[in-house]
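Here are the chains, one letter per residue:
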Amino acid sequence: MRLGYGYAALLMAFLVTGTAGSLTQAADQIVHDAEYYVLEAQHGKTWAAGDIALQAKLDALKKKHGRSPNLIHIMWDDTAYGDVGIPAIQKVRGLTTPSLNRLADEGILFTRMYTEVGCTPSRAAVVTGRLAVRSGMYNIGMLLESHGMRGEEVTMAEVLSKAGYATAFHGKWHLGDIEESYPHNQGFDEAFFTGYNQILSLNTKLAEGANASIGLHEDMLPPDPYKLDDTFVTKGWVQMAEGKKGGNTRQWGDNSHENYLKIDPEAQRRTLEFIERNAKAGKPFYVANWPNLTSFIPNPKKCSLSRSILQDGLQCNIDPFIAALIAKLEELEIADNTLIIAMADNGPMSHNPPPGLGMAETIYRGGKGDFLEGGVRVPAFAWWPGVIKPGQVVGDIIHETDLFTTFARLAGATQYIPTDRIIDGIDQTALLLKGDTNSRRDYVFIYAGPRLGATVKGNYKRHWISADPVGEASGIPAAFYFLPADPREKTPMLVNLIHLKSPFNRMKLRHDLWKKKYPDAKEVHGVPWTGIENASPAIKALGKPRIDATKLPFDPLEYVEHLDQLPFDPNMDPDIGQ
């Protein structure tokens, strides 16, 4: 007998939870991934009772300070677990970050903070509380990608704004170059942002002169007598932009390397000014400062013992900013009403890094782009004096999407979280306030582009994209890992862990079935860098074909609507670092 989907789901819920009544979903409740409900059915009563005490503490803090807590999120790029926060590893890696380490010493050092596999998906996950595949933001944007986050997504800034928060974004946005994706069009009161990543430091004439970029600045090169197509190479883009909610967007500076080096100092200045302005106004604030961290052109003046780009960026850019940030909070006497979350956005760029980058695997195998632990398990800290108990090393699983829901809870803004879509983020207030063993998550789904690469459940992990195609085809794959004994995922187990085949299959099927009810959104595309008030002629020309369209048998901009077909092949066989 073949069961219909509705009855099958009902039966599955009964088998998992012991009751069909748990399927009732109120229209005003947040919709989580299916796996969350498996946990809630077992622990919901305990969590609900604990929430009463947690809320009482939050209410007492709000009464004491006269407003909800300030929320600061610092997120930088491509750092392996242990490169910050663990002095012994830093000694080996040739850097020191006393201020970042202070956050760990005086707060929580997370040992299992999970992210997405790359910059754009990770940042989309944080601001929406949703896995990037759900918003179509799994494609890492490069120069003139002509894509971005949909206006229909609801961001953390939009949720917190409704609760009366001042909101600001300063730094590396990397969530698109189309107008609807600009952060001040995504709920932030003010924004100072780049649509791309650190490769902008190579999209410069300095880099062209050093052959760090080849052929982008054609005006610097001798004429190519064999060149026929003058539309192929990019002609204009925006390195940095700024804007305010409901206002105009302006390019900030030019596209030079000198301008690139000014971005992080200016973003840090704006963040500190934003904090002071709102603290003096008595208004709660949320600010995301996501620094570029470094230029991919090495600085002749070295800073760290490592003498590498990553270590210099962490030690002499991020760490001094953290020191200045803490000093500002203490000067304004708001440190005890301010939560700082500081973290990397994904693992190190261990595949095809630029020379002298200094990124490398530490404890975990893999890096940026991998669904291995090294690609998605990052250094992360939480600091909130007087609220978070100092000196904690937390072993619970937490995912970056959880910040969305947790910040909303702390701000008293949970009611503004949308209920018409899946929110992967889970409220982790209990973990922050009560510490180790109080997470409400024991699972992670890790996507490689649009494909599910792996699933983590507690200490166990299954690779769905496997280096064992014969086993996968036969139904007996050696794709199971016990992470405490094999943190580098080098020894897949078949016989020892085959009992996990059905449990992982159930997880995946529940996840996939729930996605049928709440389908993934499509990435949106369009002409890049529209709406720039002070646009140069080269920027204005981006929306106009550089060729007479009447001489073509097709629309020269038609390809924009098909960009989501690239670069992912559903039959691809990606390298997983074997």
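The rules we used
Here the residue numbers are simple positions, counted from 1 along each chain's written sequence. Local features are withheld for residues below a pLDDT of 70 in this predicted model, meaning they are given only at 70 or higher, and side-chain atom pairs are given and counted only at 80 or more; totals for whole chains, interfaces and linings count all residues. Calculated side-chain values reflect all of the structure's heavy atoms, with hydrogen atoms and water omitted. The way it works is that DSSP assigns letters per residue, a run of H or I at least four long becomes a helix, a run of E at least two long becomes a strand, and they are numbered from the N terminus. The globule rule used for comparison is 2.2 Å times the number of residues to the exponent 0.38, while the radius of gyration itself is calculated over C-alpha atoms. Only heavy atoms matter for contacts: two residues are in contact if any of them lie within 4.5 Å across the pair. We get accessible surface area from the Shrake-Rupley algorithm with a probe of 1.4 Å; when it comes to residues, only the shown protein chains can shield them. Pairing between two strands requires that DSSP report at least two bridges joining them. Note on method: axes are straight lines fitted to C-alpha atoms, helices fitted across the in-contact stretch only, with angles between N-to-C directions ranging 0 to 180 degrees. Only a pair of cysteine sulfur atoms within 2.5 Å qualifies as a disulfide here. Per-residue accessibility, obtained with a 1.4 Å probe over protein chains only, is compared with the maximum for each type, and a residue is labelled buried under 20%, exposed over 50%, and partly exposed between these values.

Caption draft 1: Focus on the overall build of the protein chain. The number of helices and strands found in the protein chain is 16 helices and 17 strands. Its C-alpha radius of gyration of 24 Å places the protein chain within 12% of the 25 Å reference for a compact globule of 578 residues. Partitioning the contacts of the protein chain with sequence separation of at least 6, the portion at a separation of at least 24 is 71%. Carbon and sulfur atoms provide 57% of the accessible area of the protein chain, an area that totals close to 24100 Å².

Caption draft 2: Representation of the sheet that holds strand β16 (residues 480-482) within the structure. Spatial strand order, β13-β14-β15-β16: 4 strands in an open sheet with antiparallel pairing. Sheet topology places β13 (443-448) and β16 at the edges, where each strand pairs with a single neighbour. If you compare each strand with its neighbour and ignore which way they point, the axes differ by 20 degrees on average. For β13 and strand β14 (residues 451-457), the ladder comprises 6 bridges, and the chain directions are antiparallel. Bridge pairing in β14 links I446 to A454. Running over the sheet, helix α2 (residues 34-65) touches β13 and β14 and is turned about 175 degrees from β13. Strands β13, β14, β15 (460-463) and β16 of the sheet are contacted by helix α15 (residues 501-517), whose axis makes an angle of about 125 degrees with β14.

Caption draft 3: Layout of the state of the cysteines. Counted by the stated rule, this structure contains 1 disulfide. Note that C303 is cross-linked by a disulfide to C316, the S-S spacing being 1.5 Å. Note on the C303 and C316 pair: the S-S dihedral is about 45 degrees, so by sign convention the disulfide is right-handed. Here C316 lies in helix α10 (residues 309-331) and C303 lies in the loop between β8 (285-290) and α10, a separation of 13 residues in the sequence. For C316, a relative accessible area of 42% puts it in the partly exposed group.

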